Amino acid sequence: MRLKYLGLIIVLLVISTRAEVKVDLGGLWALTNANRSISIPATVPGGVYTALQTAGIINDPYTEYNDVLYRWVAYDNWTYTRTISVTSKQLTSKNVRLICEGLDTISLITVNGKTIGRSKNMFIRYEFDLKAVLKEGNNTISIAFQSAITYALDKWKAHKAYDVPPDCPPDVQHGICHPNFIRKEQSSFAWDWGPGFASQGIWKDIRIETFDCAVIRDVVATAIPFTDLHLTPWSIQVTAFFELGASVSCSGILQADFKVLNVSHSATVKLTKQKTNFSMKFQVQKAKTWWPAGFGDQQLYQLQVSFSNGGRSSDDQDSSTKSLLFGFRRVELVEKSVTDIKNDAAGLSFFFNINNQRTFIKGANWIPADAFQERVSRPRLERLLQSLVDANMHATRVWGGGVYEQDAFYEICDALGIVVWQDFMFACAMYPVDEEFLSSVKSEVIQQTRRLASHPSIIAWSANNENEVALRQNWYGTANNFSLYQKDFVTLYINTILDAVRENSKLPAVSSSPSNGPESEAEGWVAQDPTDPHYGDVHYYNYNDDCWNTSIYPKPRFASEYGFQSWPSLETLRQVSKAGDWSMDSNFSMHRQHHQNGNKQMMDQITRHFVDSTSRNTTQRFMNRIYLTQISQALCYKYETEHYRRLQSTLIDGEGMTMGAVYWQLNDIWQAPSWASIEYQGKWKMLHYYAKDFFAPLLASGVENNDVLSVYVITDVHPILNGTLNISVWSWASQTPLKSWQFPFKQHVRQSAVAYYVRKTADILSEANCPKREACFLTFQVTGITPSLTSPLNPYFLTSFIKAVGLKQPKIAHSVLQIEGDTFSIQLSSPAIAPFVWLEAPGLQGRFSDNGFLMVEESHTVEFYAWTSTTLEELKQSLAVKSLLDVYNDEE
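Residues numbered from 1 in each chain as written. Predicted model: local features only at pLDDT ≥ 70, side-chain atom pairs only at ≥ 80, totals over all residues. Heavy atoms only, no water.

A. Summary view of the packing of aromatic side chains. Under the counting rule described, the total for this entry stands at 64 aromatic pairs. Between the aromatic rings of Trp732 and Phe777, the centroid separation amounts to 4.3 Å while the plane-to-plane angle is 40°, which identifies the pairing as tilted. Taken together, the positions of Trp732 in the loop between strand E40 (720-731) and strand E41 (739-747) and Phe777 in strand E43 (residues 776-786) put the pair 45 residues apart, joining distant regions of the chain. The pair Trp732 / Phe777 is uniform in exposure class, with both members buried. Here Phe848 and Phe864 contribute two aromatic rings whose centre-to-centre distance is 4.9 Å and whose plane-to-plane angle is 50°, an arrangement assigned as tilted. Of this pair, Phe848 sits in strand E49 (residues 846-848) while Phe864 is found in strand E51 (residues 859-866), placing the two residues 16 residues apart along the sequence. (Phe/Tyr/Trp six-rings, centres within 6.5 Å; stacked < 30°, edge-to-face > 60°. Helix = DSSP H or I, 4+ residues; strand = E, 2+ residues; numbered from the N terminus. Buried < 20%, exposed > 50% of the residue type's maximum accessible area, 1.4 Å probe, protein only.)

Below is the structure:
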């Protein structure tokens, strides 16, 4: 198929009188492959796969096996071309430059047939001088991309001194080799939760800029508290970084304005090729403090930084402006000596002080929201990040195998109060350290740090994901040459990345995640045990043991990764599959499962506590198993997360004082089994509903040790002046508690976990006249009047559901009312206790106020919040309700 197209769209954006003019080159370009058998229109910003799909050359790349079947796209070389019209007035400017915010990845850029530059790093903004190659009238710009796959292979072949592993991903990932040899999204070559497309394209904005003197390229603003103890009145340091282009020097006035606060500060600036940045510091008297979600308001102020060279007339003035929303906050990562009860050294603390408050970090890891970044819109980001906050979280970690997210991501985090742990884009690999590679990385780190450092949401940098532990634990066969790879580790992450970070940001930075922090540094930056719970952060995965047994979990200072898999809903899978695919062992299911033995691990966890579905209908059995995987996943995270939250005030044999739980992972990149709590198109899994409870700001949580039950009260924000801990014992056969106790308590320490009730479980059950563990369960809840507060009702299961005695088929009935707009009330009724009540509304976008819950009373009300316009009749037609016993009464 051969199509031809050449688009011409030019948008002029004049920043000020004369001088800096931006010509947006976004819009339609012509896209051709190497042998020119394909020539189609392509939208910029964008990538090759989406252009081909829009043109009808390929179908949805996510459907069935297309991630592999369409790999020919990634092996081909693709060229973007367009015509631009330039006026004689534009050519009179001293500087005419092409600004490419993101080229993915290896490209040759020509204008009117003349080479002006190359790109080799997806994460770098490239700037090229156009002055000598442009002419008045029409000009042709061409960006010719080379296959990332063949480039990475060539670089690997050329690196003959020693191997830089891993060479290829595991076969189960259906991936592509040598992503560590190209500065590109590492997971675009496949990961254990995502596909390998290794696309090409102009993935960010591209424009022409004209100016005479200088333009502001970046602004880094840093909030400075009044003293270590008192935040206000705040001061701010503003550093502007300039681009002079062909100018040898440039003088002018730099001005910073907080107009809403009536604050303005200016200074005279003299720039040269050797001095291209300028800093100024001033006080902002009335600025309020920015807080993470749940701790206070997210106060943001518009900061406008402008530069003018002060020409004699308006026509001569050269001016440039950069605006950002800024929040005043203080962040400190505290790593200080810890002593145990015997006053013996027990490692170092690891916690964040935010605005001088010790803060337990609650969140989930973030991966790219799509394999094709052009499909990630601001509304899509807003929905995902709002879902994080709606589940009582205030943190995310941008994982180091994806991309530095678009500006909108961090702006939304600023507005919602989500704090961000930002990895640099290095993950699960060794990397080359030749001069060209290091130079590219240094530019990448400088640019990204300057772009992101002013966001109040950013609280920490990490040089990489898991590369210290990978080296020490010999994940990739590096043990025989350990000292060589350790030297490379220091060269890349310490002497290149962290050095560049510290020159441009005052925020905390760690050398790897996980890592032992100062202890790793003392051991040559690669600790003997980078997962030592006495230091730093820990990643922990255990698929072999029973996740209900909390003794298997570590007692770390900070848990920055942990998790278990589940399958997404059939509604989500239908988008990319067909009826014959809907079984756990189908070819499609095996193709989508990129984690070795993942399906077996899920079923092993399920069958420890539940009876597997025996439905003779293949599709129904698959749906039942999906439901069971989501129950199992939700419970596993509940047990592990509550374990970490209980430990925040506790030191056990030197371990504990856990001050963060950031689970793996928040979101999905496509429709597949994974660790995510939110499915690809935004639907909440059962885990995400559970997260809303296990991350609640107030929680009662129980744990047994040697047949003794301890019930903790965990609070995030408020001291509890007059609270009541409610404990009830229930029979599975009755909707009335066998016995309830109320215990008044006070908890003066904000951000703490205290055990108020400790008793032998057998004595509790005996007093409640419960005949045996298999017949009963407990619930915990905190209520109080000072302040007015209530925690979620938290069930505590005494036995696996395989052994539970007394459960009856609940036969849940429901009715629906429309409250207001797109909010609906669903009234549920049941004559029996119903475990894991699950509501779905296929075809409708939205979420429920509660889901996957244990229904202990005869009636329960749930709300549905529609994300798009929805009628009452549509919800009534779509709504389906089930509970655990429906799985076992569904034989057809």
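B. Layout of the state of the cysteines. What the rule picks out here adds up to four disulfides. A disulfide bridge connects Cys168 with Cys177, and the sulfur atoms are separated by 2.0 Å. Across the disulfide from Cys168 to Cys177, rotation about the S-S bond amounts to roughly 105°, and the bridge is consequently right-handed. A sulfur-sulfur distance of 2.1 Å marks the disulfide that ties Cys547 to Cys636. Negative torsions about the S-S bond denote left-handed disulfides, and the value of about -75° found for Cys547 with Cys636 makes this one left-handed. Residue Cys547 is located in the loop between strand E33 (538-540) and strand E34 (559-562), and its partner Cys636 is located in helix H15 (residues 618-646); the two are separated by 89 residues in the primary sequence. With respect to burial, Cys547 and Cys636 carry one shared label: buried. Along the protein chain, the cysteines engaged in disulfide bonds are linked according to the scheme 1-2, 3-4, 5-6, 7-8 when indexed in sequence order. (Disulfide = S-S within 2.5 Å.)

C. Inspection of the sheet that holds strand E38 (residues 698-705) at higher detail. One open sheet holds the three strands; their spatial order is E38-E39-E42, and the pairing between them is antiparallel. Taken across any chain shown, the strands that pair with only one partner, and hence form the sheet edges, are E38 and strand E42 (752-760). Put simply, the sheet's adjacent strands are angled 20° from each other on average, direction ignored. As paired elements, strand E39 (residues 708-715) and E42 share eight bridges and run antiparallel to each other. When the sheet's bridge partners are listed, Tyr712 is paired in E42 with Ala755. Strands E38, E39 and E42 of the sheet are contacted by H15, whose axis makes an angle of about 100° with E38. (Pairing = 2+ DSSP bridges. Axes fitted to C-alpha atoms, helices over the stretch in contact; angles between N-to-C directions. Contact = heavy atoms within 4.5 Å.)

D. Expanded view of unusual backbone geometry. Cis geometry is found at the peptide bond from Val44 to Pro45, where omega equals 0°. In this structure, Pro45 sits in the loop between strand E4 (39-44) and helix H1 (48-54). Cis peptide bonds are those with omega within 30 degrees of zero, and the linkage from Trp664 to Gln665 qualifies with 10°. Tracing the backbone through its elements, the reader meets Gln665 in the loop between strand E37 (660-663) and helix H16 (686-694). Unusually for a residue other than glycine, Trp525 sits at a positive phi of about 75°. A relative accessible area of 15% means that Trp525 is categorised as buried. Of note in the backbone geometry, Met657 takes a positive phi value of approximately 50° without being a glycine.

E. Quick look at the side chain of Gln486. Locating Gln486 in the fold gives a position in helix H10 (residues 482-504). By relative accessible area, which is 18% here, Gln486 ends up buried. Not counting residues within four places of it along the chain, the set of residues in contact with Gln486 comprises Leu471, Glu523, Gly524 and Val526.

F. Expanded view of the pattern of salt bridges. Enumeration over the complete set of coordinates arrives at 32 salt bridges. Notably, a salt bridge pairs Arg759 with Glu767, separated by 2.6 Å at the nearest N-O pair. Of the residues examined, Arg759 reaches a relative accessible area of 24% and is grouped as partly exposed. Classification of Glu767 by relative accessible area gives partly exposed; the value is 36%. Beyond isolated ion pairs, a larger network of salt bridges with shared partners links Arg97, Glu101, Arg125, Glu127, Arg207, Glu209, Arg217, Asp218 and Glu243. (Salt bridge = Lys/Arg side-chain N within 4 Å of Asp/Glu carboxyl O.)

G. Representation of the environment of Lys131 in the model. Within the secondary structure, Lys131 sits in the loop between strand E10 (126-129) and strand E11 (137-145). Residue classification places Lys131 among the partly exposed residues on the basis of a relative accessible area of 33%. Sequence spacing of Lys131 and Val96 is 35 residues, and the spatial spacing of their C-alpha atoms is 5.2 Å. Excluding anything up to four places from it in sequence, Lys131 contacts Leu91, Thr92, Ser93, Lys94 and Val96. One polar contact links the side chain of Lys131 to the main-chain carbonyl oxygen of Leu91, over a distance of 2.4 Å. (Polar contact = N/O pair within 3.5 Å; in protein donor to acceptor, adjacent residues only side chain to side chain.)

H. Spotlight on the packing of helix H14 (residues 598-609) against H15. H15 packs onto H14 with a crossing angle of 75° between their chain directions and a minimal axis gap of 9 Å. When the axis of H14 is compared with that of H15, the two are roughly perpendicular. Where H14 approaches H15, its residues Met602, Met603, Gln605 and Ile606 are matched on the opposing element by Arg625, Leu628, Thr629, Ser632 and Cys636. When the residues that make up the contact of H14 with H15 are grouped by side-chain class, the tally is five nonpolar, three polar and one charged. (Parallel < 35°, antiparallel > 145°, perpendicular 65-115°, else oblique. Nonpolar A, V, L, I, M, F, W, Y, C, P; charged D, E, K, R; others polar.)

I. Geometry of the pairing of strand E15 (residues 206-211). Here E15 lies mainly inside the structure; six of its six residues are buried. Across four bridges, the pairing between strand E2 (residues 21-24) and E15 is antiparallel. Looking at the pairing, Lys22 lines up with Glu209 of E15. By the bridge criterion, six bridges tie strand E6 (residues 95-100) to E15 in an arrangement that is antiparallel. Of the residues in E15, the one forming a bridge with Leu98 is Ile208.

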